[in-house]
Amino acid sequence: MTAGQDKSVKLWNPNKGRALKTYSGHGYEVLDVRGSCDNSQIVSCSMDKTVMLWDVSSGNWNRKWRGHQAAINCVAFNEDSSVVISGSVDTTVKIWDTRSRSQDPIQTMEECSDSVTSLDVSDHEILVGCADHRVRLYDLRRGSLNTDYVEGVVASLSFTRDGQCALVSCVANGVKLFDKSTGELLSEYTGHINREYRLDCCLDWSDKYVMSGSEDGQVYCWQLVEGGLVAKLDHGPGSGPVHSLAQHPTMCQLVTAHRGSITVWQDGEQEPE
């Protein structure tokens, strides 16, 4: 799935480079999009201050939530896709019930002091990255909140697959691995260029490698534990910053986005789309 400046969400077959369906309904640029656990729904967010829930097969939207007061940077489903979590420039995180017709969020979190930039969700936790240089971990079972200072505007974050650590990318301050419970810095990954853009980072499907986009048109890949740089994926001259990337959950396949193009990488080879 891709979110674009053309106000649409597109669903693709990554192996054939074919657009399968276009979802139109937002009034401005779409900033994030996620798929549900059973692939039947898509949630998207936009600069138009709305969160939209789409039916994949029909292409129609089922819910449109308008509770935020500014552009919405990020969205995520919970584990069973019963709720949607959204983070906005208005400094709030809101939770929406996908099974209800209510237009009101079921919960609003107001602890951030600047734009909410990134989200990740586990079965009982919400990880929130913010432009106030902090990462916040909400534990819904305990009703607790842990806040850690990370020395930079948070661009992207995610849990490791074992749920014990958090991978965090900061603008102009590298990619870092933290212990989720204690906030201890475990490793840093450097060498890529990130001076001004919000660039994605992620773990590969095996949880052995860390990958990040770069402003020099490459994806940098490091060993998770040792921290050494092991590969660069070069998108070629004039490609611009590689700002978005997504790893296949069960196989060695990576999708990257840069300057209006999508590239699919698999087994060391690239297939430009």
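The preceding data block contains the structure.
Residues numbered from 1 in each chain as written. Predicted model: local features only at pLDDT ≥ 70, side-chain atom pairs only at ≥ 80, totals over all residues. Heavy atoms only, no water.

Caption draft 1: Quick look at the sheet that holds strand β12 (residues 116-121). The strand order across the open sheet formed by four strands is β12-β13-β14-β15, and the pairing between neighbours is antiparallel. Every interior strand has two partners, whereas the edge strands, β12 and β15 (144-149), have only one. Going from strand to strand, the sheet's axes swing by 15° on average, the running direction of each strand aside. Strand direction decides the pairing type here: β12 and strand β13 (residues 125-130), joined by five bridges, are antiparallel. Of the residues in β13, the one forming a bridge with V121 is I126. (Pairing = 2+ DSSP bridges. Helix = DSSP H or I, 4+ residues; strand = E, 2+ residues; numbered from the N terminus. Axes fitted to C-alpha atoms, helices over the stretch in contact; angles between N-to-C directions.)

Caption draft 2: Just the environment of K10, in detail. Assignment of secondary structure puts K10 in strand β2 (residues 8-13). Sequence separation between K10 and S24 is 14 residues, and the spatial gap between their C-alpha atoms is 8.8 Å. Ignoring sequence-local partners within four residues, the contact set of K10 consists of M1, T2, K21 and T22. Looking at K10, its side chain comes within polar contact range of the side chain of T22, at 3.1 Å. (Contact = heavy atoms within 4.5 Å. Polar contact = N/O pair within 3.5 Å; in protein donor to acceptor, adjacent residues only side chain to side chain.)

Caption draft 3: Quick peek at the layout of surface pockets. What the second largest pocket holds in volume is close to 330 Å³. Listing elements by their share of the lining of the second largest pocket, those giving two or more residues are β21 (209-213), β23 (229-234), β25 (253-258) and β26 (261-266). The biggest single contributor to the lining of the second largest pocket is β23, with three residues. Here the lining of the second largest pocket is built from residues that sort into ten nonpolar, five polar and three charged. (1 Å grid on protein atoms, 1.4 Å probe; cavity = no way out; pocket = protein on both sides within 12 Å on 5 of 7 lines; lining within 4 Å. Points joined across faces, edges and corners; volume = space filled by probe spheres on them. Nonpolar A, V, L, I, M, F, W, Y, C, P; charged D, E, K, R; others polar.)

Caption draft 4: Structural view of empty space enclosed by the protein. Going through the model one piece at a time under the given rule, you end up with one cavity of 30 Å³ or more. The volume enclosed by the largest cavity comes to roughly 100 Å³. Around the largest cavity, the lining comprises 13 residues; the ones closest to its centre are L127, V135, D148, A166 and K180. Only β14 (134-139), β15, β17 (165-170) and β18 (175-179) provide two or more residues apiece to the lining of the largest cavity. Here the lining of the largest cavity takes three residues from β14, the largest share from any one element.

Caption draft 5: Inspection of the nonpolar core at higher detail. Residues I85, V93, L119, I126 and V128 are the most contacted members of the largest nonpolar core, which totals 15 residues. Those elements that provide at least two residues to this core are β8 (72-77), β9 (83-88), β10 (93-97), β12 and β13. Discounting chain neighbours no more than four positions away, the residues touching V93 are I85, S86, Q107, T108, M109, V116, L119 and V128. (Core = buried A, V, L, I, M, F, W, Y, C linked by side-chain atoms within 4.5 Å. Buried < 20%, exposed > 50% of the residue type's maximum accessible area, 1.4 Å probe, protein only.)

Caption draft 6: Up close: the pattern of salt bridges. Evaluated as defined, the whole model comprises six salt bridges. Notably, a salt bridge pairs D32 with R34, separated by 3.8 Å at the nearest N-O pair. One salt bridge in this structure joins R141 and D123, with 3.3 Å as the shortest N-O distance. A residue pair is termed long-range when its members are at least 10 positions apart, and R141 in the loop between β14 and β15 and D123 in the loop between β12 and β13 qualify at 18 residues. (Salt bridge = Lys/Arg side-chain N within 4 Å of Asp/Glu carboxyl O.)

Caption draft 7: Representation of unusual backbone geometry within the structure. Located in the positive-phi region is K7, a residue other than glycine, with phi close to 70°. Overall, K7 belongs to the partly exposed group, its relative accessible area being 39%. Despite not being glycine, D207 has its phi angle at roughly 65°, a positive value. With respect to the helices and strands, D207 occurs in the loop between β20 (201-203) and β21. The class of D207 is buried, set by a relative accessible area of 16%.

Caption draft 8: Representation of the sheet that holds β17 within the structure. With antiparallel pairing, the four strands of this open sheet are ordered in space as β16-β17-β18-β19. Among the strands making up the open sheet, the edge pair consists of β16 (154-159) and β19 (185-189). Neighbour-to-neighbour, the strand axes of this sheet turn through a mean angle of 20°, independent of strand direction. As defined by bridge partners, β17 adjoins β18 across five bridges and the pair is classed as antiparallel. The residue bridging S169 from the neighbouring strand is V175, located in β18.

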